[in-house]
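Close look at the chain arrangement
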Amino acid sequence: MLRITGGKVYDPANGIDGEIRDVCIRDGRIVADVEGGRQIDARGLLVFPGGVDIHTHVAGAALNFARAMTPENQRQATPFLHTAQRRAGIGGPTPTTFATGYLYAGMGYTTVVEAAVPVLSAKHTHEELRDTPIVDKACCLLMANNELVLDLLEAGDTERARQVVAWLIWAAKAYGVKGVNPGGVTAWKWGKNAKTLTEPVPGYSKVTPARIISSLARIVDELGLPHPLHLHCNNLGAPGNVATTLETMKVLESNRAHLAHLQFHAYGGDDWHNMRSAAAAIADYFNAHPNLTADAGAVLFGNAVTITADGPWQHLLYQLTGRKWGNLDVENETGCGIVPYTYKGSNLVNAVQWAVGLELLLLIKDPWRIFLTTDHPNGACFWRYPEIVQMLMNAELRRERVKALPAKALKRIVLADLDREYTLSEIAIITSAGPARALGLKHKGHLGVGADADVTLFHQNPDGELLFRYPRYVIKAGEIVVEEGEIRSQSDGNEFVVKPAFDPGIEDYLRPLFQQQYTMSFENYPVELERLEHAKIHSCT
Ligand SMILES: [Zn+2]
């Protein structure tokens, strides 16, 4: 039992905006009242629901590939040193599992979504998620280049496609469905890409990216998944991709969808020499379409590692930068590319990217529909979120930063013209309440009775430090896990999984296909539920 007393509570899901009130916890949940037990004196502290990261890359084969490719980053220690209670981990842009859990918790985050998992390597991903302490976890399954599904769309058999998608979600023990460069990653196996939404994907005559996007969005809604299709649009990173992103949003008009790392999809111009921000055009359309949510995918200057299933984009980035490049095709399901990258304030393209992320966060009016992410570790490392929070809350600081950009950049961005400053309540929405709602995690992102007791207490005026950087306390499932920047306890988190309904007879269709097309036997393919030590299953209706 625990009573947090006298803190200033920010719980936007329940309409509480900076009220002084007590928060009571029993058996890992928020309750109306408790008698006795421990008290935390929270006078002078801000009380927020624990952070929820809707889009990050922290576990699985691609991460291990990136870790192996960047030994130079592994010299960086994590802030939480190895002790008898804590396991060692490498730092840098791709920290190892236990360091990932410590770092997220150390920032006040208690739930993370690994955004890109192929069924073929889902076992490994779950092993790493199980090894990531403290935080609750979920993952999104890569589906927009899965050839079993594309073949059914080609044949016009959408009913069977839906059965196969449902079966694959449960086989992977996933929570949501992700699309990455629909059709483009399949095409990349032959050195091609899918740059328009209406041309057939190479190897198909009827399957276009638009068809994949609309079919998957509809299937996800029909299956009743708590989170809509989670989409990485075509033409990520390319100058002029605003046209593709607007067209994609039109394709999605009759369904729900979540647009991942929108910053990377909001560029005007038509080549690298005239690339400019198109955040305003994206925000205008987005503001008028409440079926959509998005995460920012903001960029900060400094070192990053780009990791994505978008193989053709990674090859282009390698050609542009001459940096190391790794490519991994994942049989007939997806691909993967890795390129270490450094965003520089002096680079015109990077300066525009930096501005676009912030512009989207400021121009999209409803904080319940745009969430704080950096597409970790693509745009910046997740533990730099406090720097973004600070800029969102301070227009003058943003203008100072804009002044340091190359003069040419100023004509290509609108950031310095934006006066909006986020309130603390809005920060609680974009870091916790909003993503929890978009994920359909009803017991996360708020402090109402019955919610999971994930609570973060910040100093009201951090002494020379940024809000969020060192929470005073972080409470996960009712247990104090961080106190004054120190990890106090490292419980295991839960893993959220969905079980959509499907006809078990679909296995008779899939089994022979596996013999022809996969290196793995059908029996070995699904992730066993026992592999997830703390699975919480959401059944769809
Ligand atoms: Zn991502």
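Coordinates for the structure precede this section.
On a predicted model such as this, the values are computed, not experimentally measured, just so you know. (Residues numbered from 1 in each chain as written. Predicted model: local features only at pLDDT ≥ 70, side-chain atom pairs only at ≥ 80, totals over all residues. Heavy atoms only, no water.)

1. Quick look at the overall build of the protein
- Broken down by element type, the protein carries 15 helices and 24 strands.
- Taking 24 Å as the expected radius of gyration for a compact globule of 541 residues, we find that the protein reaches 22 Å, a close match to that expectation.
- Dimensions of the protein, computed from the C-alpha atoms along their principal axes, are close to 65 × 60 × 45 Å.
- For the protein, with 541 residues in total, the buried portion stands at 62%.
- Here the contacts in the protein between residues at least 6 apart in sequence split such that 76% fall between residues at least 24 apart. (Helix = DSSP H or I, 4+ residues; strand = E, 2+ residues; numbered from the N terminus. Rg over C-alpha atoms; globule rule 2.2 N^0.38 Å. Buried < 20%, exposed > 50% of the residue type's maximum accessible area, 1.4 Å probe, protein only. Contact = heavy atoms within 4.5 Å.)

2. So, the packing of aromatic side chains
- One pass over the full model with this rule turns up 16 aromatic pairs.
- Each ring, one from Phe514 and one from Tyr525, has its centre 4.5 Å from the other, and the planes form 70°; the classification is edge-to-face. Linking Phe514 in helix H15 (residues 506–517) with Tyr525 in the loop between H15 and strand S24 (535–539), this pair joins segments that are 11 residues apart in sequence.
- Residue classification places Phe514 among the buried positions, given a relative accessible area of 3%.
- Using a relative accessible area of 1% as the deciding quantity, one classes Tyr525 as buried.
- The aromatic ring of Tyr422 is capped on one face by Arg420, whose charged end is 4.4 Å from the ring centroid.
- Sitting over the ring of Trp368, Arg437 keeps its end group 3.9 Å from the ring centre. (Phe/Tyr/Trp six-rings, centres within 6.5 Å; stacked < 30°, edge-to-face > 60°. Lys NZ or Arg CZ within 6 Å of the ring centre and 35° of its normal.)

3. Concerning empty space enclosed by the protein
- Across all of its chains, the model carries three cavities of 30 Å³ or more by this definition.
- In this structure, the largest cavity spans a volume of roughly 60 Å³.
- Along its surface, the largest cavity is lined by Arg130, Lys137, Asp492, Gly493, Asn494, Glu495, Leu532, Glu533 and His534.
- Residue classes in the lining of the largest cavity are distributed as one nonpolar, three polar and five charged. (1 Å grid on protein atoms, 1.4 Å probe; cavity = no way out; pocket = protein on both sides within 12 Å on 5 of 7 lines; lining within 4 Å. Points joined across faces, edges and corners; volume = space filled by probe spheres on them. Nonpolar A, V, L, I, M, F, W, Y, C, P; charged D, E, K, R; others polar.)

4. As for unusual backbone geometry
- A cis geometry characterises the amide bond from His376 onward to Pro377, with omega recorded as -5°.
- Following the sequence through the fold, Pro377 ends up in the loop between strand S18 (370–371) and helix H12 (385–392).
- Although it is not a glycine, Asp27 adopts a positive phi angle of roughly 50°.
- Within the element layout of this structure, Asp27 appears in the loop between strand S2 (16–26) and strand S3 (29–31).
- Phi at Asn181 is positive, roughly 40°, even though this residue is not glycine.
- Mapped onto the elements, Asn181 comes out in the loop between strand S9 (176–180) and helix H6 (184–188).

5. Digging into the layout of surface pockets
- Reported here for the largest pocket is a volume of approximately 490 Å³.
- As for the largest pocket, its lining consists of 31 residues, and the residues nearest its centre are Leu317, Thr321, Tyr341, Asn350 and Gln353.
- Contributing elements (two or more residues each) for the lining of the largest pocket: S9, strand S15 (302–308), helix H10 (311–321), strand S17 (334–343) and helix H11 (348–363).
- Residue composition of the lining of the largest pocket, grouped by class: 13 nonpolar, 14 polar and four charged.
- Of the voids in this model, the second largest pocket is the one considered here, and its volume is about 320 Å³.

6. Considering H11
- In this model, H11 (16 residues) spans 22 Å end to end at C-alpha, consistent with the 22 Å of a helix rising 1.5 Å per residue.
- Sitting at the amino-terminal end of H11 is Asn347, which places a side-chain oxygen 2.8 Å from the backbone nitrogen of Val349. (Expected span 1.5 Å × (residues − 1). Polar contact = N/O pair within 3.5 Å; in protein donor to acceptor, adjacent residues only side chain to side chain.)

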